[in-house]
Structure formats: structure tokens, C-alpha cells
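# Structural characterization, general
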Amino acid sequence: MIGRPVRKQPAPALRELLARGHLQLVLLAVILASFSLLISGLFALRAYAQQNVALLAQTLSYTVEPALVFDDREAARQMLGRLASNDNIAWVEIRDGAGQTFLRWHREVADPSDLGAVTAQWLGLAPVERQIVFRGKVIGTVRVAGGLGAIYRYTLASLVIASACLGITVIATRLLARRLEEAVAAPLDRIVEIADDVIHRRHLSRRLEPPGIAEIDHFAKDFNLLLTEFERWQETLSTENAELSRRVDRDPLTGLGNRGRFEKYLTAAISKVATNGGQVVVFYCDCNSFKQINDTHGHDIGDLTLCHVADTLRSVAQDPDSVFRLGGDEFAMVCETSNAAALVARTRGALIGATSAPVTVTQEARLHIGISVGHAIFPDDGQTLQQLMRVADSRMYRQKRGEIAS
Amino acid sequence: MLTNAPTWLIALALAAESQPVPVGMPLDNDADPYRAVVARMVRAIVQYSRWPGNPRHLRACVVGPTDHADDLLKGREVAEIGVEVVGRSPDRATPAECQIVYIGRLGINEQRKVTARMQDGAVLTIAENDPACRSRAMICLLFEAQTLSFRLNIDAVSRSQVRIDPRVLRLSGGDSR
């Protein structure tokens, strides 16, 4: 299947979405309202106009009667001019009894009569005819046609007002949308910001304040719960990680660092001293009688012996973390100093002193452990870890041989 | 009466130019163009007038010599509406006998004598020869070049027991337009 090319358009902003929604709604409402108002207004106006025309025809048929009887056109003209002066009258025609035109009167402002007539017809505004009766005899007729001035004005005013309303509502919609957006989008922005903080900086301690909108409050609550859950989870994870990494380079029996840790530690100490000056002393220790104790008293006692040696070294060391078990009964200790000779003398003494006396390991066993100590000094005895280890190792063996010999 | 429309239109234009000019009935093409129009005018005025008790028959007395009342004297136009026309000397016309008095070519004092005599009765007084309307007749005819019109003496009208339709007041040149 060939995937359709998906053009990804940027999603519209909330404000725009709100504004668009409001605008459509408001436009619909305003247009419907103005349209219905216009129609109903036109109907009402039409009724009034028709009534107006009928009334004028009635009035004229009475007022013009003497003028017709006296055959006085000018008087009739003046009456007409006064009575039909409002622009709701298009024309008036008076005929005498013989059907001859006695007087015609037209609105001076000649509205496009075709359009006016067509519109009038469309609106159902027919000319109104009344008889002029004098002493029971029809002496003429008066015909009055309504003008569309008022209707034109009303329509125009309606359109203008509707447009103004539209304009105002469009502006109001924008403002409303902005306010709504502030209420809705600001909390969302804050959520996004906090989420970014969590993703990029692992700041899990921040929380959302509920903004006061039910759905977003609910969301914020859940979001905060999620953050709390994440935080707890991360704490557990980091604890476990620390535990694991502690286990990886530590000897589980004595709790001392193993060979790997020792090498890292020594390398770091060497590079530090090489930069800052000073000396690093590596002590290398070995139990003289570990194999014998193991064989005689069993592995349990052997383990206890190792723990005792570890404790002794730790008590002597500057930093408990600088003591390591390299394997079997081999231990190492790293010390930084400015006076290596004094340190070596003091430490050797302390170590040998602490281990030369018999130790009560259990109630049954009082054991003489005894350790051999060799040392190497950086930078005096070598530059690398291997050189230093070789020197320390050979010194220790020399001492061990001496011990055994003695 | 519509045959001389162009001249009539000119008169109208003139009338429109200089208001208020009394306007009225267009004239005929005749030896005496006013003759027939006077009869019609009297008829129309009578038709818009109301006497107390609405008498069925009215008598019009033409008083003194007249210039334009020939048709009226013959009863033209007015006979149809039940008006009988008689000629009377100024002294013999009385309110008891005449409901309408048409005053002819008399001096202003004689005219006044007639109108004074008629004042107490229900009499419609029409003066032919009084364009300034000083004879205290209710209606003064105005003979103009193109038309016949009239002027109302409001004082006389309001004093008289004969009521004239107020719409006619509008037509006349004598009202307070």
C-alpha cells in the first residue's frame, strides 16, 4: 500500500479555534436576528404604509371635494401639496366625474419609478382608490400610491445596524476568545512547560496548580499524581542503581572495594598527585596463616579472619573507602601524603601491631593471624600502577620470608 | 370649461408665482365669459351652505342691475338644486322672502343697506361688484382675467345663521391664508 503524502499543517492555536467557533456562532445569530427583524419590520412597515395610503386617500376624497365642485385646481394642488408632503406617498391622481384627469401630483424626488413600482408591487402596495361623493353623487375619484421612502430608509438602517452589530460582535468575539484562551491555554502552557522540565531536566518535584476549570483541574490532579508516581519510581530506581553499582565493585564479605575499584581509585589518586604534588603510598597486605586457618578451622573461621583483617585495615586507614580486598587474603590500602616515609613507618607499625597479637575469633579459637605488609611510593617507586604493585608485592614477600625465617 | 387649458395653465403658473392670489373657476369662451361661471359658482356656494331647518326650496333674489347674472336669472345650474331665482329692487328684498341675495351693480352704501337688512335673517349674501369686500356681504365675487373666484368676509360669515362648509373657506381668497 502506498501511503498518502501527509502534509502536516501546524495545528491551529486554541485562541484561533475558539475565535472561529464563536465567530461562526455569532455570525449565524446576528444574521438570523437581523434577517428576521428586517422581514418582520418590512411587514409591519408595509401594513403601516398601506394604511397610510388608505387614510390619505380617504382624507383627500373629503378635502378635495369642494375644489372639485368649484373646479379649482390650484386649491386642490395646494391641499395635495400639504397633505401628501410626507415621502410615504409616491403620487396622487384625481379624476372628475367624467373620468378626466383633474389633477396629478408626483413626488418631486423622482425615485427610479420602475424599481419603485416593481418594489411596491412586490411588497403588495397597490394604489388605493376612493370615490369623491358630493350630495350622494360620485363626482370623481382619488387614487393614491404609496411611496417607498420609509421602507428604503428602514431597510438601509437595518442593514447598517446589522453590519455595525456584526463588526462589534466580531471584535467582542476576538476579545472573548482571548480571555477564554488565557483561562484555558495558560494552564495548558504550564503543563507543557512542566512536562518539558521533566523530560529534559528530570525535575520531578514541580506540580501544577489547579486553574479552576473542572476538566483541567481534573487533568492537573492526574498529571500531578503521575509526576508523584514518576518521582517515587525514579527514587526507587536510583536507590536500586546505587545499590547495584555498590555491589558491582565491592566485596560482599568484607564490604571493601574489590580489585577493579582499587585500580580506579589508585589511578585517580596518582593523576591527582601528579597534578597537585604530594605522594601516594600503596600498601599491599597478605595474611600469613590464612591457608592454615582455613584448613584447620574451616571456611567459616577463615571468613571471620578476613573480616577481622578488613576491620583492622579500616581502622588504620585515613579513609575507610581507601581499603580494598584484591582477592583471597590479599588486601590493599591507598594513602595520599606529603611525607611518605613517616606514613609508611607509622602505618606498618600500626598494622603489624594490631595483627601480631592472637585474636579471639570464636569462643573456641584464639588465632594468631599475622599479616605481611609491603608498600610502594608514587612517584618514588614507579610511575604506573603496575610498577607500584610490583614493588609493593616484592617488598611484602621479602617481609613475609623474613617473618617465616624468624 | 377645459377647452382653454393653455391659458388656464398660464394663469395657474402666475398664481403659483404670487401667492396668495385667489383662485377659482376657469372662464368660458363666450360673449360674457363670466355669465355661466357665475351661475355655477353660486350653485357651488349654495351647495356648501346650510340654512337653519334645512329648507327644501331656496329663493335667490338678484338685487339691482347686474353685469354677469344673466344665466343665474334664467335659473341655469341652480334650478337643478331647487333654487328659484327672482329679480328684486334693493328695497323689496327681505330676509323672509330671500334665502340668497345676489347684490348687483350698486353703490357701496346701497349694498350696505341691503346687507344690513339681511343681517338678522338666515340669508347668504353675495356681492358682484365689491372686489374689496366692504359691503359686508358674506361672499364677494372676484372677476379676474382668466378666472372667477371669490372672497369670504369672515365677520359676516360668522355672524350669519347660514353655515358655510369650512372646506370652502380654504378655497376662497378671503380667508386668512
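What counts, and at which threshold
Residues numbered from 1 in each chain as written. Chains lettered and ligands numbered in written order. Predicted model: local features only at pLDDT ≥ 70, side-chain atom pairs only at ≥ 80, totals over all residues. Helix = DSSP H or I, 4+ residues; strand = E, 2+ residues; numbered from the N terminus. Buried ≥ 20, exposed ≤ 12 C-beta atoms within 10 Å, placed from the backbone. Contact = placed C-beta atoms within 7 Å. Pairing = 2+ DSSP bridges. Axes fitted to C-alpha atoms, helices over the stretch in contact; angles between N-to-C directions. pLDDT = per-residue confidence, 0-100. Nonpolar A, V, L, I, M, F, W, Y, C, P; charged D, E, K, R; others polar. Core = buried A, V, L, I, M, F, W, Y, C linked by C-beta atoms within 7 Å. Parallel < 35°, antiparallel > 145°, perpendicular 65-115°, else oblique. Left-handed = near helix turned anticlockwise from the far one by under 90°.

With that out of the way, let us pick up the overall build of chain B. Within chain B, the secondary structure is distributed over 6 helices and 9 strands. In chain B, buried positions account for 45% of the 177 residues. Within chain B, contacts between residues separated by at least 24 positions form 62% of all contacts whose residues are at least 6 apart in sequence.

Helices and strands together make up the secondary structure of chain A, namely 11 helices and 10 strands. When burial is assessed residue by residue, chain A has 26% of its 406 residues classed as buried. Partitioning the intrachain contacts of chain A with sequence separation of at least 6 by distance along the chain shows that 65% fall at a separation of at least 24.

It is worth spelling out the sheet that holds strand S10 (residues 371-378) of chain A at this point. Residue and element names in this part refer to chain A. The strand order across the open sheet formed by 4 strands is S6-S7-S5-S10, and the pairing between neighbours is antiparallel. Only two strands of the sheet have a single neighbouring strand rather than two, namely strand S6 (323-327) and S10. Sheet twist, expressed as the average angle between the axes of neighbouring strands with direction ignored, equals 25 degrees. Here helix H7 (residues 259-276) sits on the sheet and contacts strand S5 (279-287), S6, strand S7 (330-337) and S10; the angle it forms with S7, its principal contact strand, is near 20 degrees. On the sheet, helix H10 (residues 340-356) packs against S5, S7 and S10 and is oriented at approximately 165 degrees with respect to S10.

Scored by pLDDT, chain B comes out at a mean of 82, with 84% of its residues at no less than 70. Across residues 1-22 of chain B, confidence stays below pLDDT 50; counting only partners more than four residues off in sequence or on other chains, it has 23 contacts.

Glancing now at the environment of Ile132 of chain A. Summarising the element assignment, Ile132 of chain A is placed in strand S3 (residues 128-134). In contact with Ile132 of chain A, not counting residues within four places along its chain, are Ser61, Val64, Glu65, Leu68, Val138, Ile139, Gly140, Thr141 and Val142 of chain A.

This part is about the sheet that holds strand S5 (residues 100-103) of chain B. Residues and elements named next belong to chain B. Read from one edge of the open sheet, 7 strands run S1-S8-S7-S6-S5-S3-S4, paired in mixed fashion. Every interior strand has two partners, whereas the edge strands, strand S1 (25-26) and strand S4 (83-88), have only one. Where strand S6 (residues 124-127) lies against strand S7 (residues 139-143), 2 bridges are found, and the strand directions are parallel. Residue pairing in the sheet places Ile126 in a bridge with Ile139 of S7. On the sheet, helix H2 (residues 35-47) packs against S1, strand S3 (58-63), S4, S5, S6, S7 and strand S8 (147-152) and is oriented at approximately 35 degrees with respect to S8. The sheet contacts of helix H4 (residues 108-118) involve S3, S5 and S6, and relative to S5 the element is tilted by about 175 degrees.

Further remarks concern the environment of Leu68 of chain A. All names here are of chain A. Within the fold, Leu68 resides in helix H2 (residues 65-69). Considered as a pair, Leu68 and Ile94 are 26 residues apart in the sequence and their alpha carbons are 9.0 Å apart. Those residues in contact with Leu68 that sit more than four places away from it in its chain are Ala76, Asp96, Phe102, Ile132, Ile139 and Gly140.

What follows covers the packing of helix H8 (residues 290-297) of chain A against helix H9 (residues 299-316) of chain A. Residues and elements named next belong to chain A. The contact between H8 and H9 brings their axes to 7 Å, and the two run at 145 degrees. Residues Phe290, Ile293, Asn294 and His297 of H8 touch H9, and the partners they reach there are His299, Ile301, Gly302 and Thr305. Here the contact of H8 with H9 is built from residues that sort into 3 nonpolar, 5 polar and no charged.

This part takes up the environment of Ala69 of chain B. All names here are of chain B. Locating Ala69 in the fold gives a position in the loop between S3 and helix H3 (70-73). What makes Ala69 buried here is the crowd of 26 C-beta atoms within 10 Å. When near neighbours in sequence (up to four residues on either side) are disregarded, Ala69 contacts Val38, Val62, Tyr102, Gly104 and Glu128.

Counting from both sides, the interface comprises 12 residues of chain A and, opposite them, 15 residues of chain B. Only H2 and helix H3 (73-83) of chain A provide two or more residues apiece to the side of chain A that touches chain B. Per element, the largest residue contribution to the side of chain A that touches chain B is 4 residues, and it comes from H2 of chain A.

A word on the pairing of S5 of chain B. Residues and elements named next belong to chain B. By the alternation rule, side chains of S5 split into Ile100 and Tyr102 and Val101 and Ile103, which are all buried. Relative to S5, S3 runs parallel, the two being bridged by 4 bridges. Along S5, the bridge assignment pairs Val63 with Ile103. As judged from the 4 bridges shared by S5 and S6, these two strands associate in the parallel manner. What sits directly across from Tyr102, in S6, is Ile126.

With that settled, consider the nonpolar core. Among the nonpolar cores identified, the biggest contains 79 residues, and Val38, Met41, Val42, Ile100, Val101 and Tyr102 of chain B are the most heavily contacted of them. Residue contributions to this core peak at 9 residues, all from H2 of chain B. With residues near it in sequence (within four places) discarded, Ile100 of chain B still touches Val46, Leu58, Ala60, Cys61, Val83, Val123 and Leu124 of chain B. Ala269, Val280, Ile369 and Ile371 of chain A belong to the second largest nonpolar core, which has 37 residues in total.

On to unusual backbone geometry. What you tend to see is this: most non-glycine residues have negative phi, and most peptide bonds are trans. The peptide bond linking Phe378 of chain A to Pro379 of chain A adopts the cis configuration, its omega dihedral lying at 5 degrees. Residue position: Pro379 of chain A is located in the loop between S10 and helix H11 (385-405). Within the chain, Asn54 of chain B stands out as a residue other than glycine whose phi angle is a positive 45 degrees. Assignment of secondary structure puts Asn54 of chain B in the loop between strand S2 (49-50) and S3. In this model, Arg136 of chain B sits at a positive phi of 65 degrees, which is unusual for a non-glycine residue. Looking at the element boundaries, Arg136 of chain B is found in the loop between S6 and S7. Arg136 of chain B sits in the buried class, given 21 other C-beta atoms within 10 Å.

Attention now goes to the pairing of S3 of chain A. Residues and elements named next belong to chain A. Pairing geometry for S3 and strand S4 (residues 137-146), over 7 bridges, is antiparallel. Pairing of Val128 across the sheet is with Val144, part of S4. Taking the residues between adjacent antiparallel strands as the criterion, S3 and S4 are bridged by 2 residues, where Arg135 takes a positive phi near 55 degrees.

Let us now look at the packing of helix H1 (residues 14-63) of chain A against helix H5 (residues 149-201) of chain A. Residue and element names in this part refer to chain A. Remark: H1 packs on H5, axes separated minimally by 8 Å, with the N-to-C direction vectors making an angle of 160 degrees. The angle between H1 and H5 falls in the class roughly antiparallel. In this structure, H1 meets H5 at a crossing whose hand is right-handed. In the contact of H1 with H5, the residues fall into 23 nonpolar, 7 polar and 4 charged.

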